[in-house]
Amino acid sequence: MTITITTVASHDGGFSDTVEELIDATAAKLGYPFDPVRFELKAVDEAGGLAGGLVAHAVQGWLFLKLLGVAEAARGQGIGRALLAKAEDHARSSGLVGVYLDTFEFQAPRFYEELGYTECGRLPAIGGAPQRIWFAKAFGVTKGA
């Protein structure tokens, strides 16, 4: 069999959806279907403007927090903490075992550590690229246990 590998020029999501289907089919066959369930939160200020938001999805028993952002003018008011707390409440009430996420060293590692998240992985800073750090918070498990 001869295989040709090419760059995908179009980023409409169609190709990535097809690749996901390949991965999902294998996982389902092994008894671990992905079946992600999207979860989003929006924080709106009194004028109706976007103050912040959170995008996550539940998969394999965990809530993966993909994005958490707060508008610059709204920072320092506890919006990020409130969004994350609401996401954790949702995960608990959905029967999930915890939350995991990643951040860069210049973003919010201390924020997550202060909220009980434990580092579980790190890409090294090489060639000027910042470190990417993964955190997890398992429910019912105390930090350091």
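Refer to the preceding data block for the structure.
For clarity, every value in this text was computed on a predicted model and none was experimentally measured.

Undergrad: Which parts of the structure should I look at to understand the overall build of the protein chain?
TA: Secondary structure summary: the protein chain contains 3 helices and 6 strands in total. N-terminal to C-terminal, the α/β element order of the protein chain is α-β-β-β-α-β-α-β-β. Dimensions of the protein chain, computed from C-alpha atoms along their principal axes, come out at roughly 60 × 35 × 35 Å. Burial statistics for the protein chain: of 145 residues in total, 27% are counted as buried. A separation of at least 24 residues holds for 48% of the contacts in the protein chain among residues at least 6 apart in sequence. Per element, the accessible surface of the protein chain, about 10,000 Å² overall, is 57% carbon and sulfur. For the protein chain, the distance from the average position of its 13 positive side-chain charges to the average position of its 17 negative side-chain charges is 5 Å.

Undergrad: What is the right way to read the pairing of strand β3 (residues 62–70) from this model?
TA: Across a regular strand the side chains alternate sides, sitting on one face of the sheet and then on the other. The pairing of strand β2 (residues 50–59) with β3 spans 8 bridges and is antiparallel. Among the inter-strand pairings, V59 is bridged to a residue of β3, identified as W62. Here β2 folds back onto β3 in antiparallel fashion, the turn holding 2 residues, of which Q60 has a positive phi close to 55°. Alignment of β3 against strand β4 (residues 98–104), held across 4 bridges, turns out to be parallel. Across the sheet, residue W62 finds its bridge partner in β4, namely G98. With respect to chirality, the unit in which β3 leads through helix α2 (residues 79–93) into the neighbouring parallel β4 is right-handed.

Definitions and limits used
- Residues numbered from 1 in each chain as written.
- Predicted model: local features only at pLDDT ≥ 70, side-chain atom pairs only at ≥ 80, totals over all residues.
- Heavy atoms only, no water.
- Helix = DSSP H or I, 4+ residues; strand = E, 2+ residues; numbered from the N terminus.
- Buried < 20%, exposed > 50% of the residue type's maximum accessible area, 1.4 Å probe, protein only.
- Contact = heavy atoms within 4.5 Å.
- Areas by Shrake-Rupley, 256 points an atom, 1.4 Å probe, with all protein chains shown as cover.
- Lys, Arg positive; Asp, Glu negative; His and termini not counted.
- Charge placed at Lys NZ, Arg CZ, Asp CG, Glu CD.
- Pairing = 2+ DSSP bridges.
- Right-handed = clockwise from strand over helix to strand, strands pointing away.

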